[in-house]
Amino acid sequence: MDMRKYDFTKSNVDKSPAEAGVYILYAGETIIYIGRAQGGSTTIRSRLQRHESGAEGSCTQKATAYSRTVTDDSVNLEVELLEWHETSYGKLPRCNSRIG
């Protein structure tokens, strides 16, 4: 999985893959959201653009960085990452309300 971090800027978001995958939003070093893009018209780029614009609410708009990975199995990978976070930290990332 490509876990390289990118600054959460419009310029970087607009260069993100137009493919299915999973992404993680950070505030500093803290994971604040784990999300997925299932493909078709819902791509990593389109999902990140919605977060960056505030269309997904102010919680994720405050991200400072993101990482992403392209995968055709975005649903299962997102669930695995959310379960890992909940097990590791005792809770979901602050902008996630549920697993799956």
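Residues numbered from 1 in each chain as written. Predicted model: local features only at pLDDT ≥ 70, side-chain atom pairs only at ≥ 80, totals over all residues. Heavy atoms only, no water.

1. Focus: helix α4 (residues 74–89)
Logical step 1: Its 16 residues place the ends of α4 22 Å apart at the C-alpha level, agreeing with the 22 Å of an ideal helix rising 1.5 Å per residue.
Logical step 2: Those residues of α4 that sit buried are Ser74, Leu77, Glu78, Leu81, Leu82 and His85. An end-on view of α4 places all buried positions within 130° of arc, on one side of the element. In α4, the exposed residues that point more than 90 degrees away from the buried face are Glu80 and Thr87.
Logical step 3: Elements in contact with the buried residues of α4: β2 (21–27), β3 (30–37) and β4 (65–70).
Logical step 4: With its phi angle positive at about 80°, Gly90 sits one or two positions after the end of α4. (Helix = DSSP H or I, 4+ residues; strand = E, 2+ residues; numbered from the N terminus. Expected span 1.5 Å × (residues − 1). Buried < 20%, exposed > 50% of the residue type's maximum accessible area, 1.4 Å probe, protein only. Arc of directions from axis to C-beta. Contact = heavy atoms within 4.5 Å.)

2. Quick word on the environment of Arg68
Logical step 1: Here Arg68 lies in strand β4.
Logical step 2: The class for Arg68 is buried, based on a relative accessible area of 15%.
Logical step 3: Separated by 23 residues in sequence, Arg68 and Arg45 have C-alpha atoms that sit 9.8 Å apart.

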